[in-house]
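Coordinates in review
Below are the chains, spelled out letter by letter.
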Amino acid sequence: MKTIKFLILLIILGLAGLLIYQNIDYFTSKEMLTLNLKFTQWTAPELPNWAFWGICLGLGLLITGIKGLGTAFGLGREIKKKDKQISELTALNTDLQARLDVFLHDPYIKKGLSDTKEPETDLPAPPEPTQSDDPDPAPSTPKE
């Protein structure tokens, strides 16, 4: 896969080089950039066209990088918030698992567990499992 990507990159660079070579007169000609705002006028020094292209490309990369940094910092804050939420839920899960293990192994503690304060969560309480007295109920027979 790396060789295919490398070949595609070489093809793109070759086509860009061919485009520049065929239009070398345009890229090497010098132009003056003029900005006229009716109340003031500014003229840039005479530069070759490739310099203007480079300046525009550099400014675009700079603006994109600044925007990317803002996005990265925002995502970093969101990751910290989610990590904190995960640690809280993990602690709650550990506590609930310990309480469940005690309850499963000692049914006489059920009354003591129901007297303790329940943890506050946004999740609804799970339904109580029902146990039947008959360990193996008779299979139902289909009606004919």
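Residues numbered from 1 in each chain as written. Predicted model: local features only at pLDDT ≥ 70, side-chain atom pairs only at ≥ 80, totals over all residues. Heavy atoms only, no water.

A closer look at the overall build of the protein chain
The test is simple: Put simply, DSSP marks the helices as runs of H or I at least four residues long and the strands as runs of E at least two long, and each gets a number from the N terminus on. Partly exposed residues are those whose accessible area sits between 20% and 50% of the maximum for their type, while under 20% is buried and over 50% is exposed, using a 1.4 Å probe and protein chains only. In what follows, a contact means two residues having at least one pair of non-hydrogen atoms within 4.5 Å. In this description, accessible areas are obtained by the Shrake-Rupley approach with a 1.4 Å probe, and a residue is regarded as covered only by the protein chains that are shown.
Check the secondary structure of the protein chain and you find four helices and four strands. Counting from the amino terminus, the protein chain carries its helices and strands in the arrangement α-α-β-β-β-β-α-α. Within the span of the protein chain, comprising 144 residues, buried residues form 6% of the whole. Long-range pairs, those at least 24 residues apart, make up 9% of the contacts in the protein chain with a sequence separation of at least 6. Per element, the accessible surface of the protein chain, about 13800 Å² overall, is 66% carbon and sulfur.

Some details on the packing of aromatic side chains
In this description, an aromatic ring pair is defined by two values, namely the gap between the centres and the angle between the planes. To keep it simple, the criterion reads: Only Phe, Tyr and Trp rings are paired, with Trp represented by its six-membered ring, and only when their centres lie within 6.5 Å; those with planes under 30 degrees apart are stacked, over 60 edge-to-face, the remainder tilted.
A complete count under the given rule lists two aromatic pairs for this structure. Plain terms: the ring middles of Tyr26 and Phe27 are 5.3 Å apart, the flat faces sit at 70° to each other, and that makes the pair edge-to-face. For Phe27, a relative accessible area of 13% corresponds to the buried category. Clustering of aromatic rings is evident, with ring pairs tying together Tyr26, Phe27 and Trp53.

Description of a nonpolar patch on the surface
Test applied: Residues enter a patch when their relative accessible area is above 30% and they make no salt bridge; the linking distance is 9 Å between like charges and 5 Å between nonpolar side chains (Val, Leu, Ile, Met, Phe, Trp, Tyr). By convention in these notes, a salt bridge is any Lys or Arg side-chain nitrogen within 4 Å of a carboxyl oxygen on Asp or Glu.
On the surface, Phe6, Leu7, Leu9, Leu10 and Leu13 cluster together into a nonpolar patch covering about 500 Å² of accessible area. Following the sequence through the fold, Leu13 ends up in helix H1 (residues 2–22).

Comments concerning unusual backbone geometry
Trans peptide bonds make up most of the peptide bonds, and negative phi angles are found at most residues other than glycine. Even without glycine at this site, Lys38 takes up a positive phi of about 75°. Mapped onto the secondary structure, Lys38 falls in the loop between strand S2 (34–36) and strand S3 (41–43).

Some thoughts on the confidence of the model for the protein chain
Filter applied, for reference: A residue's pLDDT is the predictor's confidence in that residue, given on a scale from 0 to 100.
Summing up the model confidence of the protein chain, the mean pLDDT is 81 and the portion of residues at 70 or higher is 71%. Of all helices and strands in the protein chain, the one with the weakest mean pLDDT is helix H4 (residues 110–115) (58), whereas H1 scores best (94).

A look at the side chain of Asn49
Among the secondary structure elements, Asn49 is positioned in helix H3 (residues 49–105). Once residues within four sequence positions are removed from consideration, Asn49 is found in contact with Tyr26, Phe27, Ser29 and Glu31.

Thoughts on the environment of Lys30
Among the secondary structure elements, Lys30 is positioned in strand S1 (residues 30–31). Spatially, the C-alpha atom of Lys30 lies 9.4 Å from that of Ala51, the residues being 21 residues apart in sequence. Those residues within four positions of Lys30 in sequence are excluded, and the remaining contacts are Glu46, Leu47 and Pro48.

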